[in-house]
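If you want the building blocks of each chain, they are given just below.
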Number of protein chains: 2
Amino acid sequence: MEHTVKAFDNDIGQLRGLISQMGGLAEDAIARAMQALQRTDLQLAAEVRAGDKAIDAIEAEVERLAVRIIALRAPLAVDLREVVAALKIASVVERIGDYAKNIAKRVPMIESEHRIEPVSVLPAMGRMAAEMLHDVLDAFGARDATAALRVSESDSALDDFYDAIFRTLVTYMVENPATISQCAHLLFVAKNLERIGDQATNIAEMVYFAATGAQMPDRDRGGDQN
Amino acid sequence: MEHTVKAFDNDIGQLRGLISQMGGLAEDAIARAMQALQRTDLQLAAEVRAGDKAIDAIEAEVERLAVRIIALRAPLAVDLREVVAALKIASVVERIGDYAKNIAKRVPMIESEHRIEPVSVLPAMGRMAAEMLHDVLDAFGARDATAALRVSESDSALDDFYDAIFRTLVTYMVENPATISQCAHLLFVAKNLERIGDQATNIAEMVYFAATGAQMPDRDRGGDQN
């Protein structure tokens, strides 16, 4: 029996390692996509797009390992909850990687002779979103329900940020009709960052549940208005 | 042994039933969200938003059932592939439900005294996206790899539709700056529909893999340009 417990602990440790690796890649992808946007660096944007395959590959590995653990070790209660949480978190991190890739895809579309000014408001929002992802994966690693709750609470600040950027961009479009197409792409970038925050919140809820067995208390889900 | 095989078949049948039920709800949610948008029907939009909880609940049920099947029946090869496919498809259908909910959320934001004309181009795109979802779930039900491949191929038509709508909306914004904010919401609606097509394509790839054990041949993934 001790042998089995040890084997399970090893398996779970491997799962956690894969998720932490995926999370690091996704965090990096967000930062690099925002940098590419900021500098209109097409080469860097292409790298971010290509790099998403590595995140997808780790997700597939998490899936194989989780299914194998459930089938071979038949874990119960807390342990099963943890394996299922890992499986779901991997799928959410993969989605976050897709959002970063989508941001990178827009870099060639905002290229122009004249740098449009609203680009400058986006990096701070990108840092906020990447930080939420970082913090929630730390909470997962430490099985820290309180830290997970904090991440979930910070999402409303990101939503407010998004709403402000939405208004800024619309105003800018009204005043500079020639930039409407580029600003529309920036709207999508802001929306992708806002969605990354939502996904980090989803992970926070999974971490909370895996750690406590209870649903996270309902916060006032304001959500973005735009 | 025969007893076990029969029990497994029952379990799988139940999984398939749940996914077909989820798919029906999601398809309905897309149609009703587009109707609400078209008529600026706030009541209907609120119903679509509230209805998303039912889709989420079925996804949770699929997850519990799939984990139980893997743990109790320890299915091998083809059977395991099918259970894992069901689990992943449920998660994708849940995302599609979220896109429909997001469209419904935008209905109050496009309300105005003057109906803006580009709204009229969206329902046809909505029907195309809902049809892809319908067809891919039929393919899943029939384990029909060829039908799945057809759905995947139809995604480029939806991407082209999206690109055309993006250009139409940007042109309309340039000519009618007073409608920029509303048109921005319509851009997001079109993007949500385009994403529904991407997710239907993801399901098509899973159906193909579950049915054949091989990856779907790479099609030319044009993807939307905007």
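Residues numbered from 1 in each chain as written. Chains lettered and ligands numbered in written order. Predicted model: local features only at pLDDT ≥ 70, side-chain atom pairs only at ≥ 80, totals over all residues. Heavy atoms only, no water.

Student: An account of the overall build of chain A is requested, with residue identities and associated values reported.
Tutor: Counting its secondary structure elements, chain A contains 6 helices and 0 strands. Against the globule reference of 17 Å for 226 residues, chain A gives a C-alpha radius of gyration of 19 Å, in line with a compact fold. The principal-axis extents of the C-alpha atoms in chain A amount to approximately 70 × 40 × 20 Å. Looking at chain A alone, contacts between residues at least 24 apart form 85% of all its contacts between residues at least 6 apart. (Helix = DSSP H or I, 4+ residues; strand = E, 2+ residues; numbered from the N terminus. Rg over C-alpha atoms; globule rule 2.2 N^0.38 Å. Contact = heavy atoms within 4.5 Å.)

Student: Requested: an account of the nonpolar core, with residues and values cited.
Tutor: With 159 residues, the main nonpolar core has Ile30, Ile89 and Ile203 of chain A together with Ile30, Ile89 and Ile203 of chain B as its most contacted residues. The contacts of isoleucine 30 of chain B, once residues within four sequence positions are left out, are Ile96, Ala100, Gly126, Ala130, Leu133, Leu193 and Ile196 of chain B. (Core = buried A, V, L, I, M, F, W, Y, C linked by side-chain atoms within 4.5 Å. Buried < 20%, exposed > 50% of the residue type's maximum accessible area, 1.4 Å probe, protein only.)

Student: Requested: an account of the UniProt feature "domain: PhoU" (unreviewed entry) in chain A, with residues and values cited.
Tutor: All names here are of chain A. Per the UniProt entry, the sites bearing "domain: PhoU" (unreviewed entry) are residues 19-107 and 124-207 in this numbering. Along residues 19-107 one finds 93% helix and 0% strand; the C-alpha atoms at either end are 28 Å apart. Taken end to end, residues 124-207 comprises 92% helix and 0% strand; its first and last C-alpha atoms sit 26 Å apart. (UniProt positions renumbered as here; feature names shortened; annotations may be inferred.)

Student: Let's hear about the packing of helix 6 (residues 180-212) of chain A against helix 5 (residues 145-175) of chain B: which residues, and what values?
Tutor: For the pair helix 6 of chain A and helix 5 of chain B, the least separation of the axes is 10 Å and the interaxial angle reads 120 degrees. On the basis of the axis angle, helix 6 of chain A is oblique to helix 5 of chain B. Helix 5 of chain B is crossed by helix 6 of chain A, and the crossing has right-handed handedness. Between helix 6 of chain A and helix 5 of chain B, the residues in contact are Ile180, Ser181, Ala184, His185 and Phe188 of chain A and Tyr162, Phe166, Val170, Met173 and Val174 of chain B, respectively. Taken together, the residues of the contact of helix 6 of chain A with helix 5 of chain B break down into 8 nonpolar, 2 polar and no charged. (Axes fitted to C-alpha atoms, helices over the stretch in contact; angles between N-to-C directions. Parallel < 35°, antiparallel > 145°, perpendicular 65-115°, else oblique. Left-handed = near helix turned anticlockwise from the far one by under 90°. Nonpolar A, V, L, I, M, F, W, Y, C, P; charged D, E, K, R; others polar.)

Student: Explain the relation of the copies chain B and chain A to me, and be specific about the residues and the numbers.
Tutor: Mapping chain B onto chain A is achieved by rotating through 180 degrees and translating by 0.0 Å along the same axis, at an RMSD of 0.0 Å. Expressed as an axis order, the relation between the two copies is that of a two-fold axis. Taking C-alpha positions as reference, the residue of chain B nearest the rotation axis is alanine 71 of chain B, located at 2.7 Å. A shared binding surface is used by both copies, with 100% of the interface residues of chain B retained as interface residues in chain A. (Least-squares fit on C-alpha atoms with pLDDT ≥ 70 in both.)

Student: With reference to specific residues and values, describe the interface of chain B and chain A.
Tutor: Each partner contributes to the interface: chain B provides 29 residues, whereas chain A provides 29 residues. Counting each side, the surface lost to burial between chain B and chain A is near 2600 Å², with a carbon and sulfur contribution of 68%. Together, Arg95, Ile180 and Phe188 of chain B form the three largest contributors to the area buried by chain B at its contact with chain A, with a combined 21%. Connecting chain B to chain A are 2 salt bridges. Residue glutamate 63 of chain A pairs with lysine 88 of chain B through a salt bridge whose shortest N-O separation is 3.0 Å. The tally of links from chain B across to chain A stands at 2 residue pairs in polar contact (both at pLDDT 80 or more). Where the side of chain B that touches chain A is concerned, the elements lending two or more residues are helix 2 (42-73), helix 3 (77-106), helix 5 and helix 6 (180-212) of chain B. When its residues are assigned to classes, the side of chain B that touches chain A shows 17 nonpolar, 5 polar and 7 charged. (Buried area = accessible area lost by both parts, 1.4 Å probe. Salt bridge = Lys/Arg side-chain N within 4 Å of Asp/Glu carboxyl O. Polar contact = N/O pair within 3.5 Å; in protein donor to acceptor, adjacent residues only side chain to side chain.)

Student: How would you sum up the packing of helix 4 (residues 122-141) of chain B against helix 5 of chain B? Please name residues and give values.
Tutor: Residues and elements named next belong to chain B. Two elements in contact, helix 4 and helix 5, have axes separated by 10 Å at closest approach and are oriented at 165 degrees. The angle between helix 4 and helix 5 places the two elements in the roughly antiparallel class. The handedness of the crossing between helix 4 and helix 5 comes out as left-handed. Across from Leu122, Ala124, Met125, Met128, Ala129, Met132, Asp135, Val136 and Ala139 in helix 4, the residues of helix 5 making contact are Ala147, Ala148, Val151, Ser154, Asp155, Ala157, Leu158, Phe161, Tyr162 and Ile165.

Student: Let's hear about the side chain of aspartate 98 of chain B: which residues, and what values?
Tutor: In this structure, aspartate 98 of chain B sits in helix 3. At 4.1 Å, lysine 101 of chain B is the nearest oppositely charged side chain to aspartate 98 of chain B, a buried residue that forms no salt bridge. Leaving out residues up to four positions away in the same chain, aspartate 98 of chain B has contacts with Arg95 of chain A together with Asp52 of chain B. (Lys, Arg positive; Asp, Glu negative; His and termini not counted.)

Student: Would you mind going over helix 4 (residues 122-141) of chain A in detail, with residue names and values included?
Tutor: Residues and elements named next belong to chain A. When the terminal C-alpha atoms of helix 4 are compared, their 29 Å separation across 20 residues agrees well with the 28 Å that a helix rising 1.5 Å per residue should span. Considered for burial, the residues of helix 4 that qualify are Leu122, Pro123, Met125, Gly126, Ala129, Ala130, Met132, Leu133, Val136, Leu137, Ala139 and Phe140. The first or second residue beyond helix 4 is arginine 143, which carries a positive phi of 45 degrees. (Expected span 1.5 Å × (residues − 1).)

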